[in-house]
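Coordinate inspection notes
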Amino acid sequence: MTTTASIQEAFDCSRAQKRAALIPYITAGYPNLAQLEPLVHALEDGGADLIEIGIPFSDPLADGPILQKAASQALEQGVKVQQVLDAVARLKVAVPLLFLTYINLVYRRGIEEFIRDSHQAGISGLIIPDWPWNESARYQDWAYREGIALIPFAAPTSTDHHLDAIAKGHGFVYTVSVTGVTGMRTKVDAGVEPLVQRIRQHTTLPIAVGFGISTPEQARQTGMVADGVIVGSALVQALMDRPDQAPEVAERFVRTLRNAL
Amino acid sequence: MERVKAMPDNAGRFGPFGGQYVPETLIPALNELTSAYVQAKADTSFQREWMDLLKDYVGRPTPLRQAYRVTKELGFPVYLKREDLNHTGAHKINNTMGQVLLASRMGKTRIIAETGAGQHGVATATAAALFGLKAEVYMGAEDVKRQALNVYRMRLLGAQVHAVNAGTSTLKDTTNEAIRDWVTNVRDTFYVIGSVVGPHPYPMMVRDFQSVIGREARGQFRRLTGGFPTHIVAPVGGGSNSMGIFYPFRQDPVALIGVEAAGKGIDTGHHAATITKAERGILHGSLSYLLQDEDGQVQPAHSISAGLDYPGVGPEHAYFHHIGRAQYVSITDDEALRAFHHLAEWEGIIPALESAHAVAWVIKNCDALREQKARVLINLSGRGDKDVDAVLEYEGGLQ
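Residues numbered from 1 in each chain as written. Chains lettered and ligands numbered in written order. Predicted model: local features only at pLDDT ≥ 70, side-chain atom pairs only at ≥ 80, totals over all residues. Heavy atoms only, no water.

For chain B, an unreviewed UniProt entry supplies the name Tryptophan synthase beta chain and the organism Sulfobacillus benefaciens. The UniProt entry for chain B carries the following text under Function (unreviewed entry): "The beta subunit is responsible for the synthesis of L-tryptophan from indole and L-serine." Entered under Subunit (unreviewed entry) in the UniProt record, the comment concerning chain B runs "Tetramer of two alpha and two beta chains." (UniProt positions renumbered as here; feature names shortened; annotations may be inferred.)

Within an unreviewed UniProt entry, the label attached to chain A reads Tryptophan synthase alpha chain, and the organism entered is Sulfobacillus benefaciens. As recorded by UniProt, the Pathway (unreviewed entry) comment attached to chain A reads in full: "Amino-acid biosynthesis; L-tryptophan biosynthesis; L-tryptophan from chorismate: step 5/5."

Structural data, given as structure tokens:
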């Protein structure tokens, strides 16, 4: 099995169970890098189908206050890209792992090197919010052959032309539920369902929805229309409330969401 | 001399630099902006309206005159392009008038901007007031405290000022916050970027609006002397005043000198000499040079001049450096301060600390310039009233 196939398998598996895949996000280095391994295992035990690991960046312009804070606390502790790669390489998990980070960290290491090193560490896909399709398209197929899906984005403002283009992408479509940044919101935007339906007319890739999904009820609602539900800020906020019990909090949090799907 | 090609290309590239590195949510807005700008650029009624505003509201053309006492002190002719005489006291307003006019033409109802010490914020608030549009300005929390007068100026002009506490609370974090606002309110909001930075089409659009400086200067200098200057010297932070004066001279036999801030010294790590370091990186939507660590984490910049205190630089400057069309040098805080005093005493002009960097480079290199029989044109990008408090404090208060 190639690692990129495993993204598809994860979605196939949840679809066979007639539910959306659950994709939690954590920031590597929050509360500290030593917690990455127990946290990832806790997420897997809680029922995550895929896991996003954020590599902290100094200028996370797609993130709201919670994930900004997690990134800056990780960086204050001196977390380095190589340390994250090494920590991920030591993980023994069955679910596909994805990196979420910003383009400058990728570019600085060398785009090809970053992709190869991520694959070596056992990563299946990269989610780079500030690397839009026009800039990343020429790496799509090469990266896929190297075992890395460069996850394409769709937004409420996306044109039909863009949705046609990303049909040639790999992994899944990361759908941004609202115009805005990551963060907790009180309800699922009414535009999510028509947006997902619109994207489906253009691509057969699985569609996962993120940005603002915080509660089991919101996860359930989103899971009714999408193939995957991404939860980041609400989980990281729960860890911030009890950093001393991070793995236990993470497992409970993910299990509650999973039961709602 | 190698001919500089028309840039950027359709993807917003200046050679390897530039591009559009922003979230997908913003891509359609950038495409809308690009086509609105391209249409406006070709539309004589837009151009006439903008030129009328520059003439009757901003006070252009700004004078270009030989600085006779500087000339006498240094031993070769030195000329000043007086952007400090614009309404609001700096070149910033050339750009904000253009962008806000475009925003109003596009039917956008809300204007946002980032600002460091407040110059671009004041220039944006001014243009927004003139057009009856609501402006919201993001400014670092520390600067909101330090630059209380500029905050009050923006409020007088009807703008709302948001203090940014995120990250290091400097201009780069303020820019992040403005981008976050834009990505959230993209449908009705126009983001007025203050320099030749950001995703395409901003570096091109801001360059075009600021090129009025160089177009005027080219005509004025030829009328005055019958020829070209040998050197044009301008300060570079993000790079809008320097690109504005360089660009119309790019095909001419003129040395273009961009002066960055060396802060406390390049070796101290406390500087803003992005092109001098020349490490490629991506920040705020474009690939250019960037102050960063070995992982690519962006490093805070330092300069006594708030307008130069930015860890990135416009992608077209990176391109000019890459192909050798412009030369980039750096000047320390202390050198800039001495030039600040010299220009005040020699010419009766208190320059902005940004502009003082350009003056300082000319003074520092006066022997070589005299030998070359140089005729030097300095872009005096802004007036120094805003810096008087900071200089006084730096020098230990009134004696």
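There is more to say, and it comes next.
With that settled, the discussion passes to the overall build of chain B. The secondary structure content of chain B amounts to 17 helices and 14 strands. Relative to its length of 399 residues, chain B is compact, with a C-alpha radius of gyration of 19 Å against a globular reference of 21 Å. Its C-alpha atoms put chain B at 55 × 50 × 45 Å along the principal axes. Counting only contacts in chain B whose residues sit at least 6 apart along the sequence, the fraction spanning at least 24 positions is 73%. Within the structure as shown, chain B displays about 14,600 Å² of accessible surface, and the carbon and sulfur contribution to it stands at 50%. If you average the places of the 41 positive and of the 43 negative side-chain charges in chain B, the two averages end up 7 Å apart. (Helix = DSSP H or I, 4+ residues; strand = E, 2+ residues; numbered from the N terminus. Rg over C-alpha atoms; globule rule 2.2 N^0.38 Å. Contact = heavy atoms within 4.5 Å. Areas by Shrake-Rupley, 256 points an atom, 1.4 Å probe, with all protein chains shown as cover. Lys, Arg positive; Asp, Glu negative; His and termini not counted. Charge placed at Lys NZ, Arg CZ, Asp CG, Glu CD.)

Residue and element names in this part refer to chain B. Strand order in the open sheet made by the six strands is E3-E4-E14-E9-E10-E13, with mixed pairing throughout. For this open sheet the edge positions go to strand E3 (64–66) and strand E13 (326–332), each flanked by a neighbour on one side alone. Mean inter-strand twist for the sheet, computed between neighbouring axes without regard to direction, equals 25 degrees. Strand direction decides the pairing type here: strand E9 (residues 231–235) and strand E10 (residues 255–263), joined by five bridges, are parallel. By the bridge assignment for E10, Ala234 is matched with Gly258. (Pairing = 2+ DSSP bridges. Axes fitted to C-alpha atoms, helices over the stretch in contact; angles between N-to-C directions.)

Among the nine residues in helix H9 (residues 202–210) of chain B, nine count as buried, and that is most of the element. Along H9(B), the residues classified as buried are Tyr202(B), Pro203(B), Met204(B), Met205(B), Val206(B), Arg207(B), Asp208(B), Phe209(B) and Gln210(B). (Buried < 20%, exposed > 50% of the residue type's maximum accessible area, 1.4 Å probe, protein only.)

With an omega dihedral of -5 degrees, the bond running from Tyr30(A) to Pro31(A) counts as a cis peptide bond. Its location among the elements puts Pro31(A) in the loop between strand E1 (21–27) and helix H2 (36–46). The linkage connecting Arg60(B) with the following residue, Pro61(B), adopts the cis geometry, with an omega of 0 degrees. You will see that Lys18(A), though not glycine, has its phi angle at about 55 degrees, which is positive. Topologically, Lys18(A) is positioned in the loop between helix H1 (3–16) and E1. Even without being glycine, Phe211(A) reaches a positive phi, approximately 80 degrees. Relative to the elements of secondary structure, Phe211(A) occurs in the loop between strand E8 (207–210) and helix H10 (216–225). A residue is classified by how much of its surface remains accessible, and Phe211(A), at 11% relative accessible area, is buried.

The next thing to look at is the nonpolar core. Ile53(A), Val88(A), Phe99(A), Phe172(A) and Leu102(B) are the most contacted members of the largest nonpolar core, which has 193 residues in total. Both domains that meet at this core, namely domain 1 (14–55 + 92–202) and domain 2 (59–89 + 211–395) of chain B, each give it at least three residues. Apart from residues lying up to four places away in sequence, Ile53(A) is in contact with Tyr25(A), Ile26(A), Ala28(A), Leu36(A), Val40(A), Val88(A), Leu91(A), Leu97(A), Leu98(A), Phe99(A) and Leu100(A). By size, the runner-up hydrophobic cluster in this structure holds 27 residues, among which are Ile257(B), Val329(B), Ala339(B) and Val359(B). (Core = buried A, V, L, I, M, F, W, Y, C linked by side-chain atoms within 4.5 Å. Domains from an automatic or database assignment.)

Residues and elements named next belong to chain A. Mapped onto this numbering, the UniProt entry gives "active site" (unreviewed entry) at Glu52 and Asp63. Take Glu52: it is sitting in strand E2 (residues 51–54). Given the relative accessible area of 1%, Glu52 is considered buried. If we skip the residues at most four places from it in the chain, Glu52 touches Ile23, Pro24, Tyr25, Ile26, Leu98, Leu100, Ile127, Tyr174 and Ile230. Of note, Asp63 is situated in the loop between E2 and helix H3 (65–76).

So, on to the UniProt feature "domain: Tryptophan synthase beta chain-like PALP" (unreviewed entry) in chain B. When the UniProt feature table is mapped onto this chain numbering, "domain: Tryptophan synthase beta chain-like PALP" (unreviewed entry) sits at residues 59–382 of chain B. Along residues 59–382 of chain B one finds 43% helix and 20% strand; the C-alpha atoms at either end are 14 Å apart.

Let us look at the sheet that holds strand E11 (residues 280–283) of chain B. Here four strands make up an open sheet; going across it, the order is E1-E2-E12-E11 (chain B) and the pairing antiparallel. Each edge of the open sheet is held by one strand with a lone partner, namely strand E1 (13–14) and E11 of chain B.

Before going further, it helps to spend a moment on the side chain of Asn86(B). Within the fold, Asn86(B) resides in the loop between strand E4 (78–82) and helix H4 (92–105). Contact partners of Asn86(B), with chain neighbours within four places excluded, come to Val58(B), Arg60(B), Thr62(B), His91(B), Ile93(B) and Asn94(B).

What follows deals with the interface of chain A and chain B. Residue-level contacts link 34 residues of chain A with 36 residues of chain B. Note on chain A versus chain B: buried area summed over both sides is about 2,900 Å², and carbon and sulfur give 50% of it. In this assembly, chain A and chain B are joined by four salt bridges. Across the chain A-chain B interface, the total number found is 21 residue pairs in polar contact (both at pLDDT 80 or more). Sorting elements by how many residues they give to the side of chain A that touches chain B places helix H5 (residues 103–109) of chain A first, with five residues. Its residues placed into classes, the side of chain A that touches chain B shows 20 nonpolar, eight polar and six charged. (Buried area = accessible area lost by both parts, 1.4 Å probe. Salt bridge = Lys/Arg side-chain N within 4 Å of Asp/Glu carboxyl O. Polar contact = N/O pair within 3.5 Å; in protein donor to acceptor, adjacent residues only side chain to side chain. Nonpolar A, V, L, I, M, F, W, Y, C, P; charged D, E, K, R; others polar.)

The subject of this paragraph is the packing of H4(B) against H9(B). All names here are of chain B. At a minimum axis distance of 8 Å, the contact between H4 and H9 shows a crossing angle of 120 degrees. For the crossing formed where H4 meets H9, the hand is right-handed. Every residue of H9 that contacts H4 at Lys92, Asn94, Asn95, Gly98, Gln99 and Leu102 is listed here: Tyr202, Met205, Val206, Phe209 and Gln210. Grouping the amino acids of the contact of H4 with H9 by side-chain chemistry returns five nonpolar, five polar and one charged. (Left-handed = near helix turned anticlockwise from the far one by under 90°.)

This part is about the packing of aromatic side chains. Scanning all chains against the criterion turns up 14 aromatic pairs over all chains. For the ring pair Phe228(B) and Phe249(B), a centre distance of 6.5 Å and an interplane angle of 75 degrees mean the geometry is edge-to-face. You can see Phe228(B) sitting in the loop between helix H10 (212–225) and E9 and its partner Phe249(B) sitting in the loop between helix H11 (240–246) and E10, a full 21 residues away along the chain. Given the relative accessible area of 16%, Phe228(B) is considered buried. Counting every residue linked through ring pairs, the aromatic cluster contains Phe153(A), Tyr174(A) and Phe211(A). Of note, Arg207(B) hangs over the ring of Tyr247(B), and the distance from its end group to the ring centre comes to 4.0 Å. (Phe/Tyr/Trp six-rings, centres within 6.5 Å; stacked < 30°, edge-to-face > 60°. Lys NZ or Arg CZ within 6 Å of the ring centre and 35° of its normal.)

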